[in-house]
Amino acid sequence: MIGRRGCTNKKIKTKITSFVFLTVLVFSLCFIPGMAAETDSSELMAQVFAAAESNLGNIGPENTLIITDLGSPAESYVFLDNFYSEFNGRNLKYTDNLLVVQNARNAPLWFAFFDKASGKCAYIEVTYGDEEKISYQVTENINFNGLSKNKKSIEAWNQKVNSAVFKGHEFAILTISNAWATGNLDYELMQCLEIHNHFCPGVSSGFVLANWMEENYPLKEGVSYTVFSCPNWCKEDVFVKRWDATPGKGGIFVSALTDEEIEAIGNSPAGIFVVTDKNAGTMKAVALGFDFDVVNAKCGAKKDDPAWISKYLADLWLMDRGNWDEEGLVTEIAVIDIDKDTLGEMKRAGSNPYEVLGLLNSNGNVNPPVEDKELMDQVFSAAEAELGTLGPENTFIMTDIGSPAESDFFLNNFYSEFYGKELKYTKNLLVVQNARNAPLWFAFFDKASGKCAYIEVTYENEDKISYQATENINFNELSASQESIAAWSEKVNSKIFNGREFAILTISNAWATGNLDYELMQCLEIHNHFCPGVSSGFVLANWMEENYPLEEGVSYTVFSTPHWCKDDVFVKRWDATPGKGGVFVSELTDEELEAIGSDLAGVFVVRDKNAGTLKAVVLGYNSDLASANCGAKESDPDWVSKYMKDLWLMNPENWDGLVTEIAVIDIDDAALNEMKQADTNPYVVIGLLNLVEDVSPQNLESTEAVTA
Ligand SMILES: [Zn+2]
Ligand SMILES: [Zn+2]
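Residues numbered from 1 in each chain as written. Chains lettered and ligands numbered in written order. Predicted model: local features only at pLDDT ≥ 70, side-chain atom pairs only at ≥ 80, totals over all residues.

As annotated in an unreviewed UniProt entry, the protein carries the name Formylmethanofuran dehydrogenase subunit E domain-containing protein and is attributed to Methanosarcina mazei S-6.

**Examining the overall build of the protein**
Rule in force here: Think of it this way: any DSSP run of H or I at least four residues long counts as a helix, any run of E at least two long counts as a strand, and we number them from the N terminus. Neighbour density around each residue's C-beta defines its exposure: 20 or more other C-beta atoms within 10 Å make it buried, 12 or fewer make it exposed, and counts between make it partly exposed, where C-beta atoms are placed from the backbone. By definition, residue pairs are in contact when their C-beta atoms, positioned from the backbone, come within 7 Å.
The number of helices and strands found in the protein is 30 helices and 20 strands. Per-residue burial over the protein gives 38% buried out of 708 residues. At a minimum sequence separation of 6, the contacts of the protein that also span at least 24 residues come to 68%.

**Quick word on helix H9 (residues 201–216)**
Residue pairs three or four apart in sequence face the same way in an α-helix, which turns once every 3.6 residues. This is how it is decided: Here, expected helix span is obtained from the residue count minus one, scaled by 1.5 Å.
Between its terminal C-alpha atoms H9 stretches 22 Å, which fits the 22 Å expected from 16 residues at 1.5 Å a residue. Extensive coverage of H9 is indicated by the burial of twelve of its 16 residues. Considered for burial, the residues of H9 that qualify are Pro 201, Gly 202, Val 203, Ser 204, Ser 205, Gly 206, Phe 207, Val 208, Leu 209, Ala 210, Trp 212 and Met 213.

**Details of the sheet that holds strand S3 (residues 109–115)**
Sheet strands line up and pair through hydrogen bonds in the backbone, either parallel or antiparallel. Going by this rule: The pairing criterion is simple: DSSP has to find at least two bridges between the two strands. Fitted lines through C-alpha atoms serve as axes, helices being fitted only where they are in contact, and the angles separating the N-to-C directions of these axes extend from 0 to 180 degrees.
Pairing is mixed across the open sheet formed by five strands, whose spatial order is S2-S1-S3-S4-S5. In this open sheet, the two strands that pair with only one neighbour each are strand S2 (98–100) and strand S5 (133–141). Averaged over all pairs of adjacent strands, the angle between strand axes in this sheet comes to 15°, irrespective of strand direction. Sheet topology note: the strand S4 (residues 120–127)/S5 ladder contains eight bridges and is antiparallel. Within the sheet, the bridge partner assigned to Ile 124 lies in S5 and is Gln 137.

**Thoughts on helix H7 (residues 170–181)**
Taking 1.5 Å per residue, twelve residues should reach 16 Å; H7 reaches 16 Å between its end C-alpha atoms and fits that length. Of all the twelve residues making up H7, ten are buried; the element is thus mostly covered by neighbouring parts of the structure. Taken together, the buried positions of H7 are Glu 170, Ala 172, Ile 173, Leu 174, Thr 175, Ile 176, Ser 177, Asn 178, Ala 179 and Trp 180. Positive phi appears at Gly 183, one or two residues downstream of H7, with a value of about 80°.

**Side note on the confidence of the model for the protein**
Selection criterion: The pLDDT score gives, residue by residue, the confidence of the prediction method on a 0 to 100 scale.
This prediction gives the protein a mean pLDDT of 87; 90% of its residues lie at or above 70. Scored below 50 in pLDDT, residues 693–708 makes 20 contacts in the model with residues more than four places away or belonging to other chains.

**Quick notes on the packing of H7 against helix H13 (residues 307–319)**
Spelled out, the test is: We call a crossing left-handed when the near helix sits turned anticlockwise from the far one by less than a right angle, and right-handed when that turn is clockwise. Classification used: nonpolar for Ala, Val, Leu, Ile, Met, Phe, Trp, Tyr, Cys and Pro, charged for Asp, Glu, Lys and Arg, polar for all others including Gly.
Contact geometry of H7 with H13 gives a least axis separation of 11 Å together with a crossing angle of 35°. Crossing geometry of H7 relative to H13 is assigned as right-handed. Taking contact as the criterion, the partners of Phe 171, Leu 174, Thr 175, Asn 178 and Ala 179 in H7 are, on H13, Trp 308, Tyr 312, Asp 315 and Met 319. Split into classes, the residues belonging to the contact of H7 with H13 amount to six nonpolar, two polar and one charged.

**Quick notes on the pairing of strand S13 (residues 440–446)**
Summarising burial for S13: seven of the seven residues are buried, a large majority. Of the two faces of S13, both are covered, the one formed by Leu 440, Phe 442, Phe 444 and Asp 446 as well as the one formed by Trp 441, Ala 443 and Phe 445. Looking at chain direction, strand S11 (residues 395–399) and S13 are connected through five bridges and run antiparallel. Bridge assignment links Phe 396 to a residue of S13, and that residue is Phe 445. When S13 meets strand S14 (residues 451–458), the two strands line up antiparallel, connected through six bridges. Within S14, the residue paired with Trp 441 across the bridge is Glu 456.

This is the structure:
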């Protein structure tokens, strides 16, 4: 506002009705000191505009684009007010007629005035400090069509580029000016050029990628991006500008990749965009590829074109949003659910974010995750090919995913597929524990048809389905007749589900009844099959909780002696893990069993901190009851009789009389400690078993505490 033009106008407007004398006096007093302080810089900008106008004619809003680095060179900001004064004085518009590009602090201060009508561009450099003056100026016609018209015109401009006619800014000025002249240069892209300070296919690719992200992972309230611009090329500046993803705010992490890594990842990797959605509580790593081959093939550039032609043609092609859907231009390499720790690891120096995500292994081999995503896709697709669409009504999936070595790798993709079908964790899934060296398998059961698709995969060298079989496993049908029983028994013998026939059949059918207690299902996660043994553990656990409630201050220590499948229920339900000293397991001889009682199930030591008591509760379990009442026949194969027992035991109304309280004995910590020792039998310690003889009379006395 201290500009000459501004000052004059203001004074005339405000003082026009005052006394002429006074007006002149005040004006002069104001103007003269103002001149002294500001005249030099004011004159410099005036000089610049005047020089441009002498070469291009009047500078007006219709045809003018001014590109300048004003503000970036050291202390060049002092000219800003005067610059805008000149600029506004010609009715030029900020978004229509100006691009202020960022530059180095030690760069010269320059201006390029482009006149669209003539194609002419006046390039002006100034010096300031001791003396303020135009230090260099040149005017050239930079109309792209004219320059690229023929060999001669191309050669002529090549020479001018080589001689740095615009002091090295030939490419930037040519491309930006011509793109602007088309009228199709998106202003939001121009904003990115402010920071990038030239217009190249690289920055264009950043603009395409940014738009792709915003379309596919909208920046809604609570959503933010963290960019891993790896490998890096000009595109980064778009993210920095458009998303405020500055390095200082941790918005962008930039690193390079070797050619081998790029090759290994495949799909021309451009970067990883981590989308954090606070509302949904999700964090997704979206790896995108951008293929310049597609651009180069389509933009019309010829092989022998100089860079200023081929790059500008690529820019022009990329400016057309109609081209953004071109097959292969942008590729979604992988979408991987991650957590904060993974994100933190991706950021770390020395860690390759693609490697962290499993998209690249350290040998630079082919990217497993893309394959992995495909593997889970394959598995679900294979299941759907067999069973039809998987939906929450009829689908039950059993799998040991997570247990086999490094199968955890597939978990995110598995759940991505799972939740993509609107399946529910407790309603449609049982992830069973398995050995680290077990194969990774999936059983998809369809309740409506009774069909089950069993799928095994390999993922060591190649990710693929290695085995697949679909069978009807509806229990009622399989057990309907001798023939059907024999047919399935044969399939069990031939291991149609690779040895998991019993587990899959029993759990799937029990689930299908709708009466399988989810807390029992949780125990099957660890036990990984459903048998009368695990059912008895569930009955015993419930009995204990009913009779010796797990109130505040109460805890159990289990002596699962003799042991059978039941133990896993205690481990799961009471967190009575061996590691935490919750369960001690040992075996008894038939003679010992005979001496105490053949139904013996174990000793449950109940510590009540509040009451200060320690009781050893000895329980028996009568498995004959289930056998007698479940409806199984003697001739039935195991898979029939065991499942029928399971079914019968699933009904809590049948639990009466199954559990017997053999003894309740008050003990002390020393006794408890002794019970735990390897060289002691807990029943001997509590006096229920004599090492040599049968139960002694004294010991029987202690059973007085038995409850009815
Ligand atoms: Zn660039
Ligand atoms: Zn079992």
